[in-house]
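Chain by chain, the residues run as shown.
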Amino acid sequence: METKIPFYNIVNMFLTGFIFIGCCMFIYISTFLDLLTADYLQKICIGPESIITISFFAIIYEIGYIINRIGSIVIEPLLKKTKIVPFDDDYKKFNDCKKQYPILSTLSREYALSRTSLTLFLITTVLAAFQKQWMLLLVFLVIALLFIFSCRKHAKKIVDIIRSV
C-alpha cells in the first residue's frame, strides 16, 4: 500500500510554519537580531548548509503540522461547543453527500485551512501578550477574528448542503 501526502497538506503545513516563524520574528525581534549577529552562527559554516536548510524546513513543516493538530483537537471542539460552527459529527452523511456534491471537499479543505489559520493567530496573540507587544497582539487578534468568521461561513455552507439532501 502506497501512502501519498497530498500537495495541499504539504503547502498548508509549510505556509503555516513559515507564517508562525515570521510572526515570532516580529514578536521576539531583539532575540532574532541577536541570533543573526551571534558569533556562533558564523562558526556554523562547516559546509553542510544543505543539512541545516533541510532541518529548518523539517522544523517548519512540523510546526505547521502541530498547529494544524491543535486546531483539530482543541479549537474545533471549542467552536462546536460555543456553537460558532454549526457542525454535527455525522461523517457518514457528509461522505454520502460528498459523492453527490463534490464542492463539499473544497469547502471542507477551506474550513480546515481557516481553522488552522485561526489557531496560528490565536497562538501568536498569546505569544505577543506574553512579550507585551500590544500592537502585534491587536493585529493578530483581528486576524484571528477574521478566521473565526471564515470558519463559520465555510461550516454553514457545508451544513446547508448536507441538510438540503
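Residues numbered from 1 in each chain as written. Predicted model: local features only at pLDDT ≥ 70, side-chain atom pairs only at ≥ 80, totals over all residues. Heavy atoms only, no water.

Overview of the nonpolar core
What counts, and what does not: Think of a nonpolar core as a cluster: buried Ala, Val, Leu, Ile, Met, Phe, Trp, Tyr and Cys residues, connected wherever their side-chain atoms sit within 4.5 Å. For each residue, the accessible area found with a 1.4 Å probe, counting protein chains only, is set against the maximum for its type, and the residue is called buried under 20%, exposed over 50%, and partly exposed in between. The helix and strand labels rest on DSSP assignments: H or I over at least four residues marks a helix, E over at least two residues marks a strand, and numbering proceeds from the N terminus. Contacts between residues were defined by any pair of non-hydrogen atoms, one from each residue, lying within 4.5 Å.
Phe20, Leu79, Leu104, Tyr111, Phe140 and Ile158 are the most contacted members of the largest nonpolar core, which totals 28 residues. Looking at this core, the elements with two or more residues in it are helix H1 (7–27), helix H4 (49–81), helix H5 (91–100), helix H6 (103–130) and helix H7 (134–164). In terms of residues, this core owes the most to one element, H7, which gives nine residues. Sequence-distant contacts of Leu104, that is, excluding residues within four places in its chain, are made with Phe94, Cys97, Lys98, Ile158, Ile161 and Ile162.

Describing the packing of aromatic side chains
Note the cut-off: Ring pairs shown here join Phe, Tyr and Trp side chains whose ring centres sit within 6.5 Å, with only the six-membered ring taken for Trp; geometry is labelled stacked below 30 degrees between planes, edge-to-face above 60, and tilted in between.
Evaluation of the coordinates by the stated rule reveals eight aromatic pairs. Taking 5.8 Å as the distance between ring centres and 80° as the angle between the ring planes, the aromatic pair formed by Phe18 and Phe57 counts as edge-to-face. Here the residue Phe18 occupies a position in helix H1, and Phe57 occupies one in helix H4, the gap between them amounting to 39 residues. Within the aromatic cluster, the residues linked to one another by ring pairs are Phe14, Phe18, Phe56, Phe57, Tyr61 and Tyr65.

What about the environment of Ile158?
The topology assignment puts Ile158 in helix H7. Considered as a pair, Ile158 and Cys97 are 61 residues apart in the sequence and their alpha carbons are 9.8 Å apart. Contact partners of Ile158, with chain neighbours within four places excluded, come to Phe87, Phe94, Leu104, Leu107, Ser108 and Tyr111.

Some points on the packing of H5 against H6
Put simply, the test is: Between N-to-C directions, angles span 0 to 180 degrees; the directions come from axes that are lines fitted to C-alpha atoms, helices contributing only their stretch in contact. Under this scheme an angle from 65 to 115 degrees is roughly perpendicular, one under 35 degrees roughly parallel, and one over 145 degrees roughly antiparallel; angles in between are oblique.
Relative to each other, H5 and H6 sit at 125°, their axes nearing to 7 Å. The pairing of H5 with H6 is recorded here as oblique in orientation. Here Phe94, Cys97 and Lys98 of H5 come into contact with H6, specifically with Leu104, Ser105 and Ser108.

Focus: the environment of Leu137
Among the structural elements, Leu137 can be located in helix H7. Owing to a relative accessible area of 18%, Leu137 belongs among the buried residues under this scheme. Note: C-alpha distance between Leu137 and Thr125 (12 residues apart in sequence) is 4.9 Å. When residues no more than four places from it in sequence are discounted, the contact partners of Leu137 are Thr125, Ala128 and Ala129.

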